[in-house]
Amino acid sequence: MAEPKFFADCMLGKLAKWLALMGYDSRFAGAGERGDLELVGEAKKEGRIFLTRDGKIPDVRGVRKIVIKEKRLEEQLRRVLRELGLKPDRRRFFTRCAACNAVLEPAPREEALKAVPPRVREHAVEFFRCPACARLYWSGTHVENTLKKMEQMGF
Ligand SMILES: [Zn+2]
């Protein structure tokens, strides 16, 4: 199976963010006035699996849709992974921007050090930058906490 890509409706932003943290190409519709069919159309155009909380959205040919009834994040994640038979690969965690889904690039250390708080300067080893929104990421407590949370959720 080709690597699945996701498009989540505006109710599932957190799920989209965590799928992106796990390294899956996962976009989020954001808030807005767009209709359901427009969103499904966008998923279809980009070859993405549509994730929605709304069981009433009609089926559209050529789009796979997963209706997420689960309320808790870990159950939502489990549902998506189980549905598609995916096993999260730890080596791919933190390869995408949690804000905009772009694939992160290594950032030159010298350059990154100028942009981060002093506390980070002392502890961070590796830096990554989002080529789309310029957000900086670094190895450190945030990553460790997120990994811990994933572990608690059983991933
Ligand atoms: Zn970004």
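Residues numbered from 1 in each chain as written. Predicted model: local features only at pLDDT ≥ 70, side-chain atom pairs only at ≥ 80, totals over all residues.

**Quick notes on the nonpolar core**
Move 1: One finds Phe-6, Phe-7, Ala-8, Leu-15, Ala-16, Leu-19 and Leu-51 to be the most contacted residues of the largest nonpolar core, which totals 29 residues.
Move 2: Contributing elements (two or more residues each) for this core: β1 (5-8), α1 (13-21), α2 (36-45), β3 (49-52), α3 (73-84) and β7 (136-138).
Move 3: Both domains that meet at this core, namely domain 1 (5-92) and domain 2 (105-153), each give it at least three residues. (Core = buried A, V, L, I, M, F, W, Y, C linked by C-beta atoms within 7 Å. Buried ≥ 20, exposed ≤ 12 C-beta atoms within 10 Å, placed from the backbone. Helix = DSSP H or I, 4+ residues; strand = E, 2+ residues; numbered from the N terminus. Domains from an automatic or database assignment.)

**So, helix α6 (residues 141-153)**
Move 1: If you check α6, its first and last C-alpha atoms are 18 Å apart, about what 13 residues at 1.5 Å a residue would give, namely 18 Å.
Move 2: Gly-154, located one to two residues past α6, shows a positive phi value of around 95°. (Expected span 1.5 Å × (residues − 1).)

**With respect to unusual backbone geometry**
Move 1: Positive phi outside glycine occurs at Asn-101, with the angle close to 80°.
Move 2: Turning to its location among the elements, Asn-101 is positioned in the loop between α3 and β5 (105-106).
Move 3: Taking the C-beta count within 10 Å as the criterion, Asn-101 has 21 such neighbours and is therefore assigned buried.
Move 4: In this model, Ala-134 sits at a positive phi of 70°, which is unusual for a non-glycine residue.
Move 5: Looking at the element boundaries, Ala-134 is found in the loop between β6 (127-129) and β7.

**Digging into the environment of Phe-28**
Move 1: Summarising the element assignment, Phe-28 is placed in strand β2 (residues 25-28).
Move 2: The buried category is assigned to Phe-28, around which 22 C-beta atoms lie within 10 Å.
Move 3: Sequence separation between Phe-28 and Asn-101 is 73 residues; the distance between their C-alpha atoms is 8.7 Å.
Move 4: Contacts of Phe-28, omitting those with residues within four sequence positions, involve Ala-8, Gly-13 and Ala-16. (Contact = placed C-beta atoms within 7 Å.)

**Let's talk about the pairing of β1**
Successive residues of a regular strand alternate their side chains across the two faces of the sheet.
Move 1: In this structure, β1 lies alongside β2, joined through four bridges in parallel fashion. Residue pairing in the sheet places Ala-8 in a bridge with Phe-28 of β2.
Move 2: In this fold, β1 hands off to α1, which returns the chain to β2; that crossover is right-handed.
Move 3: Note: β1 against β3, three bridges, orientation parallel. By the bridge assignment for β3, Ala-8 is matched with Leu-51. (Pairing = 2+ DSSP bridges. Right-handed = clockwise from strand over helix to strand, strands pointing away.)

**With respect to the domain arrangement of the protein**
Move 1: Taken domain by domain, the protein consists of domain 1 (5-92) and domain 2 (105-153).
Move 2: Computed over C-alpha atoms only, the centres of domain 1 and domain 2 are separated by 26 Å.

**Remarks on the packing of α1 against α3**
Move 1: Where α1 meets α3, the closest approach of the two axes is 10 Å, and the angle between their N-to-C directions is 60°. When the interaxial angle is binned, α1 and α3 end up oblique. You can see that α1 and α3 cross each other, and the crossing is right-handed. Within the contact between the two elements, α1 uses Lys-14, Leu-15, Trp-18 and Leu-19 and α3 uses Leu-73, Gln-76, Leu-77 and Val-80.
Move 2: The residue inventory of the contact of α1 with α3, partitioned by class, reads six nonpolar, one polar and one charged. (Axes fitted to C-alpha atoms, helices over the stretch in contact; angles between N-to-C directions. Parallel < 35°, antiparallel > 145°, perpendicular 65-115°, else oblique. Left-handed = near helix turned anticlockwise from the far one by under 90°. Nonpolar A, V, L, I, M, F, W, Y, C, P; charged D, E, K, R; others polar.)

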